[in-house]
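# Summary of the model geometry
The lines below spell out each chain.
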Amino acid sequence: MARIAPGNTPKFAYILLVIIASLFLYLDIQYKTFTPTKNLFNSGLLTSNLLVKSIIFNPIGNIYNVTRSKIDLVNTNTSLLNELELSRIENFLILNKDELFKNQNGLLSFIKSSSIKNSYELAKISSFDTNLYKCCDSHRLFLFNNTKPFQNGGTVINSQGILGQIASSNKRVSEVILLSDINHSIPIKSNEFFCNASGTGRPKVIECRYDKSLWPEYLSEGESFYTSGLGGVFPEGIYIGSVTYINTNNESEIILEIESKADPLIQNHVMVIYPDDFK
Amino acid sequence: MTLNNLIKILVSILIGVYLDSRINFYASDYYLSFTLGFLIFCFWAFSLPNNLYALSSFCIGLIIDLILGCPFGLNALLLTISSYLIHSYRYSFRIFSFLQITIFFALLSSFYLGFINLFMNTANFSYLLIMFSFLLNGLTWIFIYLLMNNLKKRFYRQ
């Protein structure tokens with residue numbers, strides 16, 4: 001077995017930097033001290049990405065398309081795809097208008113009125129770290145702001161259902177915390193059963209923990225869950241998903257695993273909606 | 001070390017980190033996780049023991065933290081500690097066989113992965129992932145060693 005050979009490794013510098021790094025780590029985890037720095041860096045990165053794309057890659061791509069005389073076709077195709085995505089979201093909104101809007105006039109009055117943009121906004125996803133989404137507890141995505149930053153707490157949906165809510169915004173982008181993020185919690189219900197479902201850190205999976213003695217009725221796999229509207233952030237009655245697994249290993253506590261229907265990986269556009277009593 | 005060389009090292013590590021994020025999206029379904037960026041860093045610390053010291057490791061770690069959105073200081077801490085370990089053993093490596101060196105770096109990358117998961121994936125921490133990744137990163141180290149040695153000869157000038 002080889003022993004550590006004597007060398008001239010400067011221990012002091014290492015010890016000092018390990019202490020500094022630990023301090024950074026503690027401050028970031030405990031007080032989120034470096035979150036503005038990270039957001040600033042992210043937005044700078046996104047802006048430079050966009051600039052590089054629009055200045056270098058897009059013109060090169062366009063030259064290729066021009067030589068093939070297909071540029072119009074490509075543009076039309078892209079805009080049609082975007083329109084299709086938006087119409088899917090709008091379809092979802094129309095289908096769920098009774099649940100999403102407490103106003104009895106429904107969605108049509110919102111569309112006709114000029115204040116439509118205040119009730120919901122369409123947004124494009126600016127970045128989504130899919131690796132982090134699959135590997136880790138933190139499930140966040142970023143949206144490009146429209147004319148102004150999205151309001152914190154706004155519900156983010158795609159054509160399949162609720163994805164999450166706006167957690168923070170800066171001038172350029174808004175951060176969305178997804179339902180499956182370990183720090184997220186959403187009040188949901190199934191018939192008479194109410195609970196606060198928290199994220200598990202696994203893609204699309206949220207879980208409800210409850211005391212068996214408080215709710216003796218049996219809930220089965222496949223049971224559908226909807227938003228309860230409690231808390232006033234999420235609109236009431238939106239389908240969230242169904243129970244995929246019931247963990248009864250713990251004697252006092254039951255854990256329901258619910259797979260969310262909405263998949264954040266399928267679309268580049270989402271919609272941010274604000275309940276009537278939100279503003 | 002010249003700034004030019006530091007940039008080359010940084011770029012190679014960032015390419016590794018980028019590839020990690022692309023590959024791990026699919027690999028994580030099979031309880032596997034690559035640490036290409038970390039192994040490339042280890043390669044540089046291993047092959048240039050007199051150049052890649054504490055401060056450069058710390059700075060590279062901070063840059064990775066910023067890019068990956070990890071808790072700030074996590075990669076800086078782990079890379080600094082790894083750099084210290086590699087430097088402590090730099091004379092011992094001379095009498096190690098290639099297999100021993102491979103096992104050393106596979107273990108080191110497993111510790112790295114374990115700590116990253118401890119901070120970023122607490123709820124779903126998986127020992128299976130760490131064990132499978134130990135084997136995977138051992139094999140990856142062989143590939144990285146051969147590839148980076150080649151690239152080093154071609155691009156790195158003292």
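Residues numbered from 1 in each chain as written. Chains lettered and ligands numbered in written order. Predicted model: local features only at pLDDT ≥ 70, side-chain atom pairs only at ≥ 80, totals over all residues.

## Points about the UniProt feature "domain: Rod shape-determining protein MreC beta-barrel core" (unreviewed entry) in chain A
Within this numbering scheme, the UniProt entry marks residues 152-273 of chain A as carrying the feature "domain: Rod shape-determining protein MreC beta-barrel core" (unreviewed entry). Taken end to end, residues 152-273 of chain A has its terminal C-alpha atoms 11 Å apart, with 0% of it in helix and 53% in strand. (UniProt positions renumbered as here; feature names shortened; annotations may be inferred. Helix = DSSP H or I, 4+ residues; strand = E, 2+ residues; numbered from the N terminus.)

## Some remarks on the sheet that holds strand 6 (residues 185-190) of chain A
Residue and element names in this part refer to chain A. As summarised here, the arrangement of the six strands in space is 6-7-8-11-10-9, forming a closed barrel in which the pairing is antiparallel. If you compare each strand with its neighbour and ignore which way they point, the axes differ by 40° on average. Where strand 6 meets strand 7 (residues 193-199), six bridges bridge the pair, whose relative direction is antiparallel. The residue of strand 7 that forms the bridge with Pro 187 is Asn 196. (Pairing = 2+ DSSP bridges. Axes fitted to C-alpha atoms, helices over the stretch in contact; angles between N-to-C directions.)

## Focus: the sheet that holds strand 12 (residues 269-273) of chain A
Residue and element names in this part refer to chain A. Read around the closed barrel, the six strands follow the order 1-2-5-4-3-12; overall the barrel is antiparallel. The mean angle between the axes of side-by-side strands here comes to 45°, regardless of whether they run parallel or antiparallel. Where strand 2 (residues 140-144) meets strand 5 (residues 173-178), five bridges bridge the pair, whose relative direction is antiparallel. Bridge pairing in strand 5 links Leu 141 to Val 176. Across the sheet, helix 3 (residues 71-95) is in contact with strand 1 (120-128), strand 3 (155-158) and strand 12; its angle to strand 12 comes to roughly 35°. (Contact = placed C-beta atoms within 7 Å.)

## Topic: helix 1 (residues 3-27) of chain B
When the terminal C-alpha atoms of helix 1 of chain B are compared, their 35 Å separation across 25 residues agrees well with the 36 Å that a helix rising 1.5 Å per residue should span. Residues of helix 1 of chain B that are buried: Ile9(B), Ser12(B), Ile13(B), Gly16(B), Val17(B), Asp20(B), Asn24(B) and Ala27(B). Where the residues of helix 1 of chain B are buried, they touch helix 7 (130-135) of chain A together with helix 2 (36-47) and helix 3 (54-68) of chain B. (Expected span 1.5 Å × (residues − 1). Buried ≥ 20, exposed ≤ 12 C-beta atoms within 10 Å, placed from the backbone.)

## Things to note about the pairing of strand 7 of chain A
All names here are of chain A. With antiparallel pairing between neighbouring strands as the criterion, strand 6 and strand 7 make up a hairpin whose turn holds two residues, including Asn 191 at a positive phi of roughly 55°. When strand 7 meets strand 8 (residues 205-211), the two strands line up antiparallel, connected through three bridges. Residue pairing in the sheet places Ala 197 in a bridge with Cys 208 of strand 8. The hairpin formed by strand 7 and strand 8 contains five residues between the paired strands, and Gly 201 there has a positive phi angle of roughly 90°.

## Observations concerning the environment of Cys195(A)
The topology assignment puts Cys195(A) in strand 7. It is 16 Å that separates the C-alpha atoms of Cys195(A) and Asn247(A), two residues lying 52 residues apart in sequence.

## Remarks on the interface of chain A and chain B
Taken together, the contacts link 32 residues of chain A with 32 residues of chain B. Among the elements of the structure, helix 1 (11-31), helix 2 (35-67) and helix 7 of chain A are those that each provide at least two residues to the side of chain A that touches chain B. At 10 residues, the largest contribution of residues to the side of chain A that touches chain B is made by helix 1 of chain A.

## What about the domain arrangement of chain A?
All names here are of chain A. Split into domains, chain A comes out as domain 1 (14-95) and domain 2 (119-279). Just the C-alpha atoms count here: the centres of domain 1 and domain 2 sit 22 Å apart. For the side of domain 1 that touches domain 2, the secondary-structure elements that each account for two or more residues are helix 2 and helix 3. In terms of residues, the side of domain 1 that touches domain 2 owes the most to one element, helix 3, which gives eight residues. Looking at the side of domain 1 that touches domain 2, its residues break down into five nonpolar, five polar and two charged. (Domains from an automatic or database assignment. Nonpolar A, V, L, I, M, F, W, Y, C, P; charged D, E, K, R; others polar.)

## Here we look at unusual backbone geometry
All names here are of chain A. Even without glycine at this site, Lys 32 takes up a positive phi of about 50°. Positive phi values are uncommon outside glycine, yet Asn 191 reaches one of about 55°. Relative to the helices and strands, Asn 191 resides in the loop between strand 6 and strand 7. Residue classification places Asn 191 among the exposed positions, given that 11 C-beta atoms sit within 10 Å.

## A look at the confidence of the model for chain A
Residue and element names in this part refer to chain A. In this model, chain A carries an average pLDDT of 81, and 85% of its residues clear a pLDDT of 70 or more. Looking at the elements of chain A, mean pLDDT is at its lowest for helix 5 (residues 106-112), recorded as 46, and at its highest for helix 1, recorded as 92. In the model, residues 102-117 has pLDDT below 50 throughout and makes 12 contacts with residues more than four positions away in sequence or in other chains. (pLDDT = per-residue confidence, 0-100.)

## Observations regarding the UniProt feature "transmembrane region" (unreviewed entry) in chain B
Here the UniProt feature "transmembrane region" (unreviewed entry) sits at residues 30-47, 53-86, 98-119 and 125-148 of chain B. Helix and strand shares over residues 30-47 of chain B are 67% and 0% respectively, and the end C-alpha atoms of the span are 32 Å apart.

## Regarding the pairing of strand 4 (residues 161-169) of chain A
All names here are of chain A. Note that strand 3 and strand 4 share four bridges and pair antiparallel. Residue pairing in the sheet places Ile 157 in a bridge with Ile 162 of strand 4. From the end of strand 3 to the start of strand 4, which pair antiparallel, there are two residues. The pairing of strand 4 with strand 5 spans five bridges and is classified as antiparallel. What sits directly across from Ser 169, in strand 5, is Ser 174.

## A look at the nonpolar core
Counting 51 residues, the largest nonpolar core has Leu39(B), Ile40(B), Phe41(B), Cys42(B) and Phe43(B) as its most contacted members. Looking at this core element by element, the count peaks at 10 residues for helix 2 of chain B. Excluding residues within four positions of it along the chain, Leu39(B) makes contact with Phe105(B), Ser109(B), Asn137(B), Thr140(B), Trp141(B) and Ile144(B). Val156(A), Ile186(A), Cys195(A) and Phe225(A) belong to the second largest nonpolar core, which has 36 residues in total. (Core = buried A, V, L, I, M, F, W, Y, C linked by C-beta atoms within 7 Å.)

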